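Topology and contacts: notes
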Amino acid sequence: MAIQERLMQVDNLLQKALNFEFLTVEEGMFLFENAALTELMYVANECRKKQVPHGKVTWQIDRNVNTTNVCIANCKFCNFYRIPGHSEAYITDIETYKRKIEETIKYGGDQLLLQGGHHPELGLSFYADLFGQIKQLYPNIKLHTLGPPEVAHITKLEKSTHREVLMALKAAGMDSLPGAGAEILTDRVRRLISKGKCGAQEWLDIMHEAHKLNITTSATMMFGHVETLRERFEHLVKLREVQSRKPEPAKGFLAFIPWTFQDVDTLLARIRGVHNLTTAEEYIRMIAISRIMLPNIKNIQASWLTVGKSVAQLCLNSGANDFGSIMIEENVVSAAGAPHRFTSTTQLRNQQYEWREIPEAIVEQVIDY
Ligand code: SF4
């Protein structure tokens, strides 16, 4: 394509983006590969201004507590899990939850992100009992729990249906379903890096079922490993389609969070030689293109934990409007080399993106690197 023609095509597609039209996989890839970074940043920021006009950067205080590190999924990028029977295997007990929740409240947190491995013996009653116990002790703590792969695993153990499992988890106290375990939603990639997890279609089906049950969710993408550029765009389009099918008044995916593969000591890096080569520019481009490709998902979150604060701050001028959680505790990506921590930004929110006041008696966490 001649340069003039290419520039015209970039302009046409940026105009489509400003009109909130759905761009195809090919159109998105064309923009990603041909638009100047500044053009993408400008257009994504204009879209953000219309979708999130208040201009505040939202953030949240929560704690990631792992239910168990026992897992049989064997993902090639995960340093967190232990096989059943391993000397370091654990299932978190209620006394530990109590201590961690009380610390969370002290630090101003209002939510637990509860996730863990695919334990071969922990089925629906384990999670329903756990959620029920926590809610009985701390009725105001929100539970942002599990993820589609864990729901798929529980469904398989129970020989049940996604709908029944989600209904039971919701009744037990699950407030929202994180978009964990999406990685890249194509089966080629999943076979290579996370064969033991649910396939792409099952991940999407579980999210659609959650939306039908009016459970709010988020969506993620972990990139910078074995995926192609086309597969990233297929991922975005699949999320957009699920969001388009959500019934009213369900909120569906409240946010999209793209983050980069953390490679330190992972099997993917050690055995396959796969390293995360994503540059700061590429991450900012992905944030901008996410805002453009996903006009029906309102909040785009910059993953400061994986790319660092300064890159994440640039993302705030490139379509992102949210910094996610300051995360009192996080063990999974930190175990693969994401050391970033900090303690404050601007407008505190809850999981539903409703604004909160910073609690008066909040205690600042002392971080010991
Ligand atoms: S990422 Fe999750 S599912 Fe995969 S091995 Fe680690 S704990 Fe298991």
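Quick note: structure is the one above.
Since the structure is predicted, the reported quantities are computational estimates derived from the model, not experimental observations. (Residues numbered from 1 in each chain as written. Predicted model: local features only at pLDDT ≥ 70, side-chain atom pairs only at ≥ 80, totals over all residues. Heavy atoms only, no water.)

Describing the site of the ligand
Stated precisely, the cut-off is as follows: A cutoff of 4 Å decides nearness: a residue is near a molecule or strand if any of its heavy atoms lies inside that distance of it. Charged residues are taken to be Asp, Glu, Lys and Arg, nonpolar residues to be Ala, Val, Leu, Ile, Met, Phe, Trp, Tyr, Cys and Pro, and polar residues to be all remaining types, Gly included.
Every residue near the ligand is listed here: Cys 71, Ala 73, Asn 74, Cys 75, Phe 77, Cys 78, Phe 80, Tyr 81, Gly 117, His 118 and Lys 197. Class assignment for the residues of the shell around the ligand results in seven nonpolar, three polar and one charged.

Regarding the pairing of strand β2 (residues 62–66)
If a strand is regular, its side chains alternate between the two faces of the sheet. Worth spelling out the cut-off: With a 1.4 Å probe rolled over the protein chains alone, any residue whose accessible area is under 20% of its type maximum counts as buried; one over 50% counts as exposed, and the rest are partly exposed. Strands here mean DSSP runs of E at least two residues long; helices mean DSSP runs of H or I at least four residues long; both are numbered from the N terminus. Pairing between two strands is assigned when DSSP locates at least 2 bridges connecting them. We call a crossover right-handed when, viewed with the strands running away from us, the connection from the first strand over the helix to the second turns clockwise.
Of all five residues in β2, five are buried, a share of seventy percent or more. On β2, burial covers both faces: Asp 62, Asn 64 and Asn 66 on one face and Arg 63 and Val 65 on the other are all buried. Examined bridge by bridge, β2 and strand β3 (residues 111–115) share five bridges and lie parallel to one another. Its bridge partner lying in β3, Asp 62 is registered against Gln 111. The β-α-β motif built from β2, the intervening helix α4 (residues 94–106) and the parallel element β3 has right-handed crossover chirality.

Some remarks on the pattern of salt bridges
Inclusion rule: Think of a salt bridge as a Lys or Arg side-chain nitrogen and an Asp or Glu carboxyl oxygen that are within 4 Å of each other.
Within this structure, the stated rule accounts for 18 salt bridges. For the salt bridge of Glu 95 with Lys 98, the shortest nitrogen-to-oxygen distance reads 3.3 Å. With Glu 95 and Lys 98 both in helix α4 and three residues apart, the pair spans about one turn of that helix. According to the relative accessible area criterion, Lys 98 is partly exposed, its value standing at 26%. For Glu 103, the salt bridge identified is with Arg 99, shortest N-O distance 3.8 Å. One end of the pair, Glu 103, and the other, Arg 99, are both in helix α4, four residues apart, so they sit about a helical turn from each other. We classify Glu 103 as partly exposed; its relative accessible area is 22%. Each of Arg 63, Arg 99 and Glu 103 takes part in a single network of salt bridges with overlapping partners.

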